[in-house]
Amino acid sequence: MLGSKKTTSKTVRFGRRPRRHRFSTERGGLRAGRRRHAVSTSRQKNCGGSGNSDCFQAGAYVKHSEGAAFIAGALAYGWQDVTTNRNASVFGIEACAANFKTNAISDGSKAGYK
């Protein structure tokens, strides 16, 4: 076989979905999740590669309405840990590897009148 690929993935989510109460003018919610992903490839003998990714995300959302006016906001955090390994065959077998970690913080808000 010229090439093959094997992937595995696992996702875990927890949190509470935003709710709308019948007589309330406020909404809100929390969400969080974690994901692990692994990839392995093999094109020719001794020339394959592999990679792992692990990430976590969490966020919160809130909205308040007063009559036709509203204001809403959200805040989220994300973290990733990625590792890759690769064999390259230019003048023989040479191994290349990379490992990096990232963090991200996101926010947003909006206001309006319906």
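Since we're looking at a predicted model, the values are computed, not measured.

Asks: For this particular structure, what's the right way to read the overall build of the protein chain?
Replies: Along the protein chain, the regular secondary structure elements total 0 helices and 5 strands. Taken from the N to the C terminus, the helices and strands of the protein chain come in the order β-β-β-β-β. For the protein chain, with 114 residues in total, the buried portion stands at 14%. Accessible area of the protein chain: about 9200 Å², with a carbon and sulfur share of 53%.

Asks: Could you clarify how one ought to interpret the side chain of Asp54 in this entry?
Replies: Following the sequence through the fold, Asp54 ends up in strand S3 (residues 48–66). Separated by 2.8 Å, the side chains of Asp54 and Arg34 make a polar contact. Leaving out residues up to four positions away in the same chain, Asp54 has contacts with Arg34, Arg35, Arg36, Trp79, Gln80 and Asp81.

Asks: Explain the pattern of salt bridges to me, please; I cannot follow it from the model alone.
Replies: Side-chain pairs of opposite charge can arise where the charged atoms are in close proximity. With the rule as written, the count across this model stands at 1 salt bridge. Of the charged contacts, one joins Asp54 and Arg34 as a salt bridge, the two residues approaching to 2.8 Å between their closest N and O atoms. You can see Asp54 sitting in strand S3 and its partner Arg34 sitting in strand S2 (residues 26–42), a full 20 residues away along the chain. Residue Arg34 is classed as partly exposed on the basis of its relative accessible area, which comes to 38%.

Asks: What is the right way to read the environment of Asn87 from this model?
Replies: Position of Asn87 relative to the elements: it lies in strand S4 (residues 69–89). A C-alpha to C-alpha distance of 6.0 Å links Asn87 and Gly49, two positions 38 residues apart in sequence.

Asks: Even after reading the chapter, I still don't get a nonpolar patch on the surface, so can you show me in this structure?
Replies: There is a patch of nonpolar side chains on the surface, built from Leu75, Tyr77 and Ile105 and spanning about 320 Å² of accessible area. Along the chain, the position of Ile105 falls in strand S5 (residues 93–113). For Ile105, a relative accessible area of 68% translates into the label exposed.

Asks: Before we go on, may I ask you to explain the packing of aromatic side chains in this structure?
Replies: Two aromatic rings are characterised by how far apart their centres lie and by the angle between their planes. This structure, assessed with the given rule, holds 0 aromatic pairs. Taking NZ or CZ as reference, Lys63 lies 5.0 Å from the ring centre of Phe70, over its face.

Asks: Help me out: how do you make sense of the environment of Ala104 in this one?
Replies: Counting through the fold element by element, Ala104 comes out in strand S5. Each C-alpha atom, one on Ala104 and one on Gln57, is 9.2 Å from the other, the two residues being 47 residues apart in sequence. Those residues in contact with Ala104, other than ones at most four positions away along the chain, are Ala76, Tyr77 and Gly78.

Basis of the calculations
- Residues numbered from 1 in each chain as written.
- Predicted model: local features only at pLDDT ≥ 70, side-chain atom pairs only at ≥ 80, totals over all residues.
- Heavy atoms only, no water.
- Helix = DSSP H or I, 4+ residues; strand = E, 2+ residues; numbered from the N terminus.
- Buried < 20%, exposed > 50% of the residue type's maximum accessible area, 1.4 Å probe, protein only.
- Areas by Shrake-Rupley, 256 points an atom, 1.4 Å probe, with all protein chains shown as cover.
- Polar contact = N/O pair within 3.5 Å; in protein donor to acceptor, adjacent residues only side chain to side chain.
- Contact = heavy atoms within 4.5 Å.
- Salt bridge = Lys/Arg side-chain N within 4 Å of Asp/Glu carboxyl O.
- Patch = residues over 30% accessible without salt bridge, like charges linked within 9 Å, V, L, I, M, F, W, Y side chains within 5 Å.
- Phe/Tyr/Trp six-rings, centres within 6.5 Å; stacked < 30°, edge-to-face > 60°.
- Lys NZ or Arg CZ within 6 Å of the ring centre and 35° of its normal.

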